[in-house]
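Next come the chains, spelled out residue by residue.
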Amino acid sequence: MPDAVMETRHLVKQFPVEGSRDVVHAVSGVDLIVLRGETLGLVGESGCGKTTMGRLVLRLIEPTAGEVLIEGRDLGALSKRELRRVRSELQIIFQNPFASLNPRMSVEEILRRPMEIHLRISAAERSRRVGLLLEQVGLREEHRNRFPHEFSGGQRQRIAIARALAVEPKFLVLDEPTSALDVSVQAQILNLLKRLQRDLGLTYLFISHDLSAVRHMSDRIAVMYLGKVVETSASETLFNDPQHPYTKALVSAIPVTNPRLRRERVRLTGDIPSPIHLPKGCAFHTRCPFVMDRCRTEGPVLQETGGSASHLVESHLVSCHLVDPA
Ligand code: SF4
């Protein structure tokens, strides 16, 4: 089995609520592994904690508890200098490329700046690499001296991808990288990201609420609900045989054109509970169509669907009393 590039161990993040002793439980004890060269999709509704996870694994924010390991090194145990060096190997692509690009810098400057900070290469080599990066992301040499406002949304996302690649990263967090783009260019950007992964051996954490995009991109998928992973498995297993009622609802809501492949819609009622006052027992019980008495008092644990020994990478793990042999 390939080695892990990124691993989280019981990661927790709570945000204080101003003027109160309460906290927002954004992430509550998440274990994830992303293997070298694969894409792990992290999916869930808005507010489920997936974006906070993306920031935690890059150490853009400090965890309340738990560990993030990059190639086996605990980021929390690194010195500031070591962390700065490791950070160049970790990059993020944001949802809105316009907001993440400095409007006063030309494309050449945007791509050169991270190389000046992180790579010890000559000015001539930096300039050569700018040309290479433009080509890799499907832009042309003539784009070098233009400014972000002169580009379309899709082209701006290509610039953001080129900037992330400028420092030769190993691991990229793709945080809803196409949700601000026109539908017509979303597939182009996803296919570009797939090609770059294949050509450069990149490893991705792909964060999205769009299940179709997650399916297209991911080798494995983890489904989050109210700060916890409720189901994780190989991508096709999750779509063909979802086990958690929440995953079933998400999968059944995907439009299917072939009537023979249509599945019964699992409809959710009610809103997501407040992450400040989490429900007792299973956090999903307030919306679950299969809720039982036990669910209101006893929280399920993430475990192998058959009840056998679990392994984070190879297993189909589900957190629900319905699949709990007990
Ligand atoms: Fe639904 Fe109960 Fe399973 Fe939670 S544990 S998902 S409430 S059946």
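Everything discussed here concerns the structure shown above.
Residues numbered from 1 in each chain as written. Predicted model: local features only at pLDDT ≥ 70, side-chain atom pairs only at ≥ 80, totals over all residues. Heavy atoms only, no water.

Participant: Tell me about the overall build of the protein, and name the residues and values.
Facilitator: When helices and strands are counted, the protein shows 10 helices and 12 strands. Rg of the C-alpha trace for the protein: 21 Å, near the compact-globule value of 20 Å for 326 residues, within the 12% margin. Expressed as lengths along the three principal axes of its C-alpha atoms, the size of the protein is roughly 70 × 50 × 45 Å. Burial statistics for the protein: of 326 residues in total, 49% are counted as buried. Pairs at least 24 apart in sequence give 62% of the contacts found in the protein among residues at least 6 apart. Accessible surface computed for the protein: about 15,900 Å², of which carbon and sulfur atoms make up 48%. (Helix = DSSP H or I, 4+ residues; strand = E, 2+ residues; numbered from the N terminus. Rg over C-alpha atoms; globule rule 2.2 N^0.38 Å. Buried < 20%, exposed > 50% of the residue type's maximum accessible area, 1.4 Å probe, protein only. Contact = heavy atoms within 4.5 Å. Areas by Shrake-Rupley, 256 points an atom, 1.4 Å probe, with all protein chains shown as cover.)

Participant: How would you explain a nonpolar patch on the surface if you had to name every residue and give the values?
Facilitator: Taken together, the side chains of F290, M292 and L322 define a hydrophobic patch exposed on the protein surface, amounting to about 250 Å² of accessible area. Among the structural elements, F290 can be located in the loop between α10 (245-252) and β11 (303-304). Residue classification places F290 among the partly exposed positions, given a relative accessible area of 38%. (Patch = residues over 30% accessible without salt bridge, like charges linked within 9 Å, V, L, I, M, F, W, Y side chains within 5 Å. Salt bridge = Lys/Arg side-chain N within 4 Å of Asp/Glu carboxyl O.)

Participant: Summarise the pairing of strand β2 (residues 23-35); cite the residues concerned and give the values.
Facilitator: Here 10 bridges tie strand β1 (residues 4-16) to β2, and the two strands are oriented antiparallel to one another. For F15, the partnering residue across the bridge sits in β2 and is V24. Hairpin connection of β1 to β2: six residues between the antiparallel strands, including G19 at a positive phi of 75 degrees. (Pairing = 2+ DSSP bridges.)

Participant: Give me the site of the ligand: which residues, what numbers.
Facilitator: What surrounds the ligand is the set H244, P245, C282, F284, H285, C288, F290, C295, P300, C320, H321 and L322. Looking at the shell around the ligand, its residues break down into nine nonpolar, three polar and no charged. (Near = heavy atom within 4 Å. Nonpolar A, V, L, I, M, F, W, Y, C, P; charged D, E, K, R; others polar.)

Participant: Describe the packing of helix α4 (residues 107-118) against helix α5 (residues 123-136), listing the residues and the values that go with them.
Facilitator: Axis separation between α4 and α5 bottoms out at 10 Å; the angle between their running directions is 120 degrees. Relative to α5, the element α4 lies oblique. As for how α4 packs across α5, the hand of that crossing is right-handed. Residues V107, E108, L111, R112, M115 and E116 of α4 touch α5, and the partners they reach there are R126, S127, R129, V130, L133 and L134. In terms of residue class, the contact of α4 with α5 is built from six nonpolar, one polar and five charged. (Axes fitted to C-alpha atoms, helices over the stretch in contact; angles between N-to-C directions. Parallel < 35°, antiparallel > 145°, perpendicular 65-115°, else oblique. Left-handed = near helix turned anticlockwise from the far one by under 90°.)

Participant: Tell me about the sheet that holds strand β6 (residues 90-93), and name the residues and values.
Facilitator: The sheet built from eight strands is open, its strands ordered β6-β7-β8-β3-β9-β10-β12-β11 with mixed pairing. Every other strand in the sheet has two partners, leaving β6 and β11 as the edge strands with one partner each. In this sheet, strand β8 (residues 203-208) lies alongside strand β3 (residues 39-43) in parallel orientation, the contact comprising five bridges. Note that in β8 the partner of T39 across the bridge is Y204.

Participant: Describe the sheet that holds β2, naming the residues involved and giving the relevant values.
Facilitator: Strand order in the open sheet formed by four strands is β2-β1-β4-β5, and the pairing between neighbours is antiparallel. Two strands lie at the open edges of the sheet, namely β2 and β5 (73-74), each paired on one side alone. Sheet topology note: the β1/strand β4 (residues 65-70) ladder contains five bridges and is antiparallel. Opposite R9, over in β4, you have E67 as the bridge partner.

Participant: Summarise unusual backbone geometry; cite the residues concerned and give the values.
Facilitator: One non-glycine residue, R59, lies in the positive phi region at around 60 degrees. With respect to the element layout, R59 can be found in the loop between α1 (50-57) and β4. Residue class for R59 comes out buried when judged on its relative accessible area of 10%. Of note, the phi angle at L226 is positive, near 45 degrees, even though the residue is not glycine. Tracing the backbone shows L226 in the loop between β9 (220-225) and β10 (228-234). Owing to a relative accessible area of 4%, L226 belongs among the buried residues under this scheme.

Participant: Any chance you could break down the pattern of salt bridges for me, citing the residues and the numbers?
Facilitator: Enumeration according to the criterion identifies 28 salt bridges in this entry. A salt bridge links E89 to R73; the nearest nitrogen and oxygen atoms lie 3.6 Å apart. Pair noted here: E89 is in the loop between α2 (80-87) and β6 and R73 is in strand β5, with a separation of 16 residues, a long-range link. You can call E89 buried: its relative accessible area is 14%. Classification of R73 by relative accessible area gives partly exposed; the value is 26%. For R129, the salt bridge identified is with E168, shortest N-O distance 3.6 Å. One end of the pair, R129, is in helix α5; the other, E168, is in the loop between α6 (153-165) and β7 (171-175), and 39 residues separate them in sequence.

Participant: Hey, could you go over the environment of P242 for me, with residue numbers and the actual values?
Facilitator: Of note, P242 is situated in the loop between α9 (235-240) and α10. Judged by its relative accessible area of 7%, P242 falls in the buried class. Those residues in contact with P242, other than ones at most four positions away along the chain, are E231, T237, T247, K248, V251 and R263.

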